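Structural features, examined
What follows is each chain in one-letter form.
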Amino acid sequence: MSKPEAIYRQDYQPSDYLIHTTELSFELFENETLVTAKVHYYQNPKVKNPPNSLFLNGKNLELIEILIDGFQPDYQLKNDGLQLKNLPADFVLEITTKIHPETNTSLNGLYKTSGNFCTQCEAHGFRQITYYLDRPDVLSVFTTRITADFKRYPILLSNGNLLENQPGTATWFDPHPKPCYLFALVAGDLAVLQDTFTTKSGAEVALKIYVEKHNISKTKFAMESLKRAFAWDERRFGLEYDLEIYMIVAVDDFNMGAMENKGLNIFNSKYVLANPDTATDSDFINIEAVIGHEYFHNWTGNRVTCQDWFQLSLKEGLTVFRDQEFTSDLHARSIKRITDVKALRTLQFAEDSGPMAHPVRPESYIEMNNFYTMTVYEKGAEVVRMIHTLLGEAGFQRGLKLYFQRYDGQAVTIDDFVEAMSEANNFDFADFMAWYSTSGTPQIRIKNSANKITISQPDERLFPLKYGVLDCEGSELESGVLIMKGKQKQFDFSHLPADCRFSWLRDFSAPVKLKP
Ligand code: PHE
Ligand code: ZN
């Protein structure tokens, strides 16, 4: 075994080559799968003096054929990829690889579950399908052709809109440029629940939920949830869906909750299937929340994606915040908040004070799959929630609008997101950025001397501190949001009666520990 090597955030370099188009062709067999990728590469105009060589990621691939502009290229196979040399500035690479989904037990790349083919490409799964620039800042338009035995695999799915479908073959075209981690393919004998949603601009979207046949009776709630998610994102954020079809596939073998592949979400079946006779209230709420979460990624993650994997919380923190708001708007806001804060304080605070502690934006990783954590997701959502508290709903919406205006179709950073929030509101977030870069839960102290309040913290972070003041009968005298910054800050409440009581950190307005 070679020693695992760490990757550092500060080493980020844009890719020397970018990709115009990716045309994939899959021939699915029982003992092997052939993947042909025809990819149009071009030198990145933003890189000065780019080299005429290119390294493509690849893992567990058997190279069958390789051509550049129709000719044998100068290349070298490495154990983690393919080195191409003496390249022109613009070229079409055609590679055929043989892979083995039928024996792939990694739940990454193309694999089989209950006899059906499916994929998982986030974070680094696409390199197990073909040699490619497997990084989130290389976006391209994908065409995917699938051929398979019609009797065994009548349903053939991939991202985008369906171009052509005949028994045994289907071609999909996704017009939205995307990084390869959002690629998906499904082939199998599945039942489908169908519906439609008409967007506020009048486009009709076909909605499809694919499951194993015996589960079709348990899909109704998931479909209703999906329609609620479409409607809510239009209502609250003004965000509409952007393809003709939206598909969800439930599979039994899946590492996480679900995956937001463009137009073709793949779900762990426990977040789709609900037996109305046995499912509890919280089962239903969780299904609705995960369906919402993956749908909301269509804008926060897919239309605007991450420059590199250190920015994971850019999409996950923001999308968890959005799914929390979805549940809060549709159900009981206070119960949702109490549930989330309880989970944060027991699980994320523990993670943050133990050997696995890491900042919301980590500085290095060895295995990216180990960074899908409570800190990146849940603390990341708290950090977004603090921005929301500081700016208010209207200010937050202004910031998000600017974010989408500026970065739609691009791969960006957490700094870009905060910068958009900052510019749209003329609010200085410089002292806020420690929330992204520092691990651990800050302990704050609040001292009261005759209603002159002194708040102190270990470092100098900016955060919102919601409070209320009650009289001795329990009636509210005053409430608001204090903005804490610097190591120590004084707030004067001496206008209030001497025997009043303060209620601090309402709504858990910052992920801190309060020490009296
Ligand atoms: N991106 C998925 C989500 O949150 C989670 C996931 C990560 C799934 C990695 C599979 C692999 O919504
Ligand atoms: Zn997510």
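The paragraphs below set out a description of the structure included in this document. The model shown is predicted, which means the values in this text are computed figures rather than measured ones. Chains are numbered independently. Their residues run from 1 in the order of the written sequence. In the order they appear in the text, chains get letters beginning with A and ligands get numbers beginning with 1. Only residues with pLDDT of at least 70 are given local features in this predicted model, and only at 80 or more are side-chain atom pairs given and counted; all residues enter the totals for whole chains, interfaces and linings. For the side-chain quantities, the full set of heavy atoms in the structure was used; hydrogens and water were omitted.

**Here's the deal with the nonpolar core**
If you look at the biggest cluster of nonpolar residues, it comprises 159 residues, and the most contacted ones within it are Phe26, Tyr41, Ile387, Tyr403, Phe417, Phe432 and Tyr436. Ranked by residues supplied to this core, first place goes to helix H5 (residues 374-407) with 15 residues. Between two residues, a contact is recorded if the distance between any of their heavy atoms is within 4.5 Å. Aside from chain neighbours lying at most four places away, what touches Phe432 is Val383, Met386, Ile387, Leu390 and Leu462. Remark: nonpolar core denotes a set of buried residues (Ala, Val, Leu, Ile, Met, Phe, Trp, Tyr, Cys) joined through side-chain atoms within 4.5 Å. Any residue under 20% of the maximum accessible area for its type is buried, any over 50% is exposed, and the rest in between are partly exposed; the area is computed with a 1.4 Å probe on protein chains only. Put simply, DSSP marks the helices as runs of H or I at least four residues long and the strands as runs of E at least two long, and each gets a number from the N terminus on.

**Observations concerning the site of ligand 1**
Around ligand 1, 13 residues are found, and the nearest of them are Glu122, Glu260, His293, Glu294 and Tyr377. Two N or O atoms count as a polar contact when they lie within 3.5 Å, although within protein this holds only if one can serve as hydrogen donor and the other as acceptor, and sequence-adjacent residues are included solely when both atoms are side-chain atoms. A distance of 3.2 Å is found between an oxygen atom of ligand 1 and a side-chain nitrogen or oxygen belonging to His293. Between an oxygen atom of ligand 1 and a side-chain N or O atom of His297, the distance comes to 3.5 Å. Here ligand 1 occupies the second largest pocket. Counting only elements with at least two residues in the shell around ligand 1, the list comes to strand S19 (258-259), helix H2 (281-296) and helix H3 (312-330). Amino acids are sorted into nonpolar (Ala, Val, Leu, Ile, Met, Phe, Trp, Tyr, Cys and Pro), charged (Asp, Glu, Lys and Arg) and polar (every other residue, Gly among them). A per-class count over the shell around ligand 1 returns five nonpolar, three polar and five charged. The rule for a residue being near a molecule or strand is that one of its heavy atoms must lie within 4 Å of it. Buried and open spaces are told apart on a 1 Å grid over the protein atoms alone, a cavity being a set of points where a 1.4 Å probe fits but cannot get out and a pocket being an open set with protein on both sides within 12 Å along at least five of seven lines. Residues with an atom within 4 Å of a point are the lining residues. Cavity and pocket membership follows a simple rule, namely that a molecule belongs there if more than half of its atoms are within 2 Å of the grid points.

**Re the sheet that holds strand S18 (residues 245-251)**
Pairing between two strands is assigned when DSSP locates at least 2 bridges connecting them. In spatial order, the strands read S16-S17-S18-S20-S19; together these five strands make up an open sheet with mixed pairing. Two strands close off the open sheet at either side, each with one partner strand: strand S16 (191-198) and S19. Where strand S17 (residues 204-211) meets S18, five bridges bridge the pair, whose relative direction is parallel. Note on S18: the bridge partner recorded for Ala206 is Ile245. All axes here are fitted lines through C-alpha atoms, helices being fitted over the stretch that makes contact, and every angle between N-to-C directions spans 0 to 180 degrees. In this fold helix H1 (residues 220-237) packs onto S16, S17 and S18, with an angle of close to 25° to the strand it touches most, S16. Sheet strands touched by H2: S18, S19 and strand S20 (264-268). Its angle to S20, the strand with the most contacts, is close to 150°.

**Considerations on the coordination of the zinc ion (ligand 2)**
As a rule, N, O and S atoms within 2.8 Å of a metal are its donors, except that Na, K and Ca use 3.2 Å; water is not among the atoms, so sites may look incomplete. All of the protein donors around the zinc ion (ligand 2) are His293 (NE2), His297 (NE2), Glu316 (OE) and Glu316 (OE); their distances to the metal are 1.9 to 2.8 Å. Read from N- to C-terminus, the donor residues coordinating the zinc ion (ligand 2) fall into the pattern H-x3-H-x18-E. Taken together, the residues span a long stretch of sequence, with His297 in the loop between H2 and strand S21 (305-306) and Glu316 in helix H3 at a distance of 19 residues. For the pair shown, His297 and Glu316 are each scored as buried.

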